[in-house]
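Tertiary structure, described
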Amino acid sequence: MSKHSTSSKGLNQIKNLIRGSKYPLAEIAINRGKIRLADVRPLASWVSNLYQNNRRVLHGQFPRRIGDFRRPGVLAPVSLEREIIWAGESIKQHSSSIKSFIGLARKYEVHLMRGDYGVCTALLDQIENHFGVSFWVLENRIALLQVSEGLEKQKQYAAKIKEARSKNDVVAFTVFNLSHRNEDSATPGRFIGELKDRLDGWGVDKDLQSFLLFRLCDLGPNDETQYGDILRLEASSAIIDYYETFIRLSERALSSGNLAIFRLFIQDLTVLAPLTE
């Protein structure tokens, strides 16, 4: 048997495990690290279009309700190269949706600069209806409510989101801190310091700390492990969050002069770049 057919059989075995499992997300989380590097891209492509019981297995990429957001389990760690390949291929499977999102997000930014807050609200509604609940929408809606209707309104919205989530939930924690960050009395230095102290004091896992500090404070990543952790944990979010984080991480690698990491992004960036045109 040839080397090529052996690797293909391995990939097919993994597909069969996922297809036949009652818990396909768990099988995906574990087995994407057990195949050859060359098979990561075709597996990611296949998984992105896999259905079970007339429902997309990765339905969490377009969560329809706040209660559905980030409900899929977290992927098991793999090398940074595998993580980037997996993310890039997964995002490319939704290129048309990403292109539409970019267009609407640009319109939102234009109207926000003009102070057209009513139009901004309608655009956020449209983005959420089309692409599901996302950190992108939550963050922008909180900021918009703060500037357009004041602290009380944005606090009411944040409280409503937190009530729909479990206690000590990543989404609830993020929304709480987004709300606090938008208060007029909050300063970047104080906010970052308090968040770091809180995460350390609670003994939050290092990978989740990296993710939260990047998302809430735009801090890091500082090494390959942090790049991988941030991208891996974002895989449980909406597809537009996955895309935004993928792009931000590639830009961070380039701006920080970490060319070895940036080169890992290049193949997928060449495909994703035209979506912004």
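Below: a short report on this structure. Here the structure is a predicted model, which means the values were calculated and not measured.

**Here's the deal with the overall build of the chain**
Summing up its helical and strand segments, the chain has 14 helices and two strands in all. Over its C-alpha atoms the chain spans a radius of gyration of 19 Å, differing by no more than 12% from the 19 Å that the globule rule assigns to 277 residues. Here the C-alpha coordinates of the chain stretch approximately 70 × 40 × 40 Å along the principal axes. The buried share among the 277 residues of the chain stands at 48%.

**Digging into the nonpolar core**
By size, the foremost hydrophobic cluster in this structure holds 80 residues, and its most contacted members are Leu 43, Trp 86, Trp 136, Leu 138, Ile 240 and Phe 246. In terms of residue count, helix 13 (residues 239-255) provides more of this core than any other element does, eight residues in total. With near-sequence residues (within four places) excluded, Leu 138 lies in contact with Ile 66, Phe 69, Tyr 157, Ile 161, Val 171 and Val 175.

**A word on the packing of helix 9 (residues 170-181) against helix 11 (residues 206-217)**
As a packed pair, helix 9 and helix 11 sit with axes 11 Å apart at the nearest point and diverge in direction by 35°. Considering only the axes of helix 9 and helix 11, their crossing is right-handed. Between helix 9 and helix 11, the contacting residues are Val 170, Phe 173, Thr 174, Asn 177, Leu 178 and Arg 181 on the first element and Leu 208, Phe 211, Leu 212, Arg 215 and Leu 216 on the second. Residue composition of the contact of helix 9 with helix 11, by class: seven nonpolar, two polar and two charged.

**Concerning helix 5 (residues 95-114)**
Given a rise of 1.5 Å per residue, 20 residues ought to cover 28 Å, and the 29 Å separating the end C-alpha atoms of helix 5 matches this to within 8%. Taken together, the buried positions of helix 5 are Ile 98, Phe 101, Ile 102, Leu 104, Ala 105 and Tyr 108. Contacts made by the buried residues of helix 5 are with helix 4 (80-92), helix 6 (117-131), helix 7 (135-149) and helix 13. Downstream of helix 5 by one or two residues, Gly 115 has phi in the positive range, about 80°.

**Describing the environment of Ile 91**
Within the element layout of this structure, Ile 91 appears in helix 4. Ile 91 gets classed as buried once you look at its relative accessible area, which sits at 0%. Here Ile 91 is in contact with Ile 98, Ile 239, Tyr 242, Tyr 243, Phe 246 and Leu 272, once residues within four sequence places are set aside.

**Here we look at the side chain of Ser 134**
Among the structural elements, Ser 134 can be located in the loop between helix 6 and helix 7. The residues touching Ser 134, leaving out its near neighbours within four places in the chain, are Phe 69, Ala 238, Ile 240 and Asp 241.

**Some thoughts on the side chain of Arg 165**
Mapped onto the fold, Arg 165 is located in the loop between helix 8 (151-163) and helix 9. We classify Arg 165 as buried; its relative accessible area is 8%. Once residues lying within four places of it in the same chain are set aside, the contact partners of Arg 165 are Ile 66, Gly 67, Asp 68, Phe 69, Arg 70, Arg 71, Val 171 and Ala 172.

**Considerations on unusual backbone geometry**
Along the chain, Gly 220 connects to Pro 221 via a cis peptide bond; the corresponding omega equals -5°. Relative to the helices and strands, Pro 221 resides in the loop between helix 11 and helix 12 (224-234). Positive phi, close to 55°, is recorded for Asn 53, a residue that is not glycine. Judged by relative accessible area, Asn 53 falls into the exposed class, the value being 71%. Its identity as a non-glycine residue notwithstanding, Asp 218 has a phi of 60°, on the positive side. Of note, Asp 218 is situated in the loop between helix 11 and helix 12. Look at Asp 218 and you get partly exposed, because its relative accessible area is 40%.

Quick notes on the rules
- Residues numbered from 1 in each chain as written.
- Predicted model: local features only at pLDDT ≥ 70, side-chain atom pairs only at ≥ 80, totals over all residues.
- Heavy atoms only, no water.
- Helix = DSSP H or I, 4+ residues; strand = E, 2+ residues; numbered from the N terminus.
- Rg over C-alpha atoms; globule rule 2.2 N^0.38 Å.
- Buried < 20%, exposed > 50% of the residue type's maximum accessible area, 1.4 Å probe, protein only.
- Core = buried A, V, L, I, M, F, W, Y, C linked by side-chain atoms within 4.5 Å.
- Contact = heavy atoms within 4.5 Å.
- Axes fitted to C-alpha atoms, helices over the stretch in contact; angles between N-to-C directions.
- Left-handed = near helix turned anticlockwise from the far one by under 90°.
- Nonpolar A, V, L, I, M, F, W, Y, C, P; charged D, E, K, R; others polar.
- Expected span 1.5 Å × (residues − 1).

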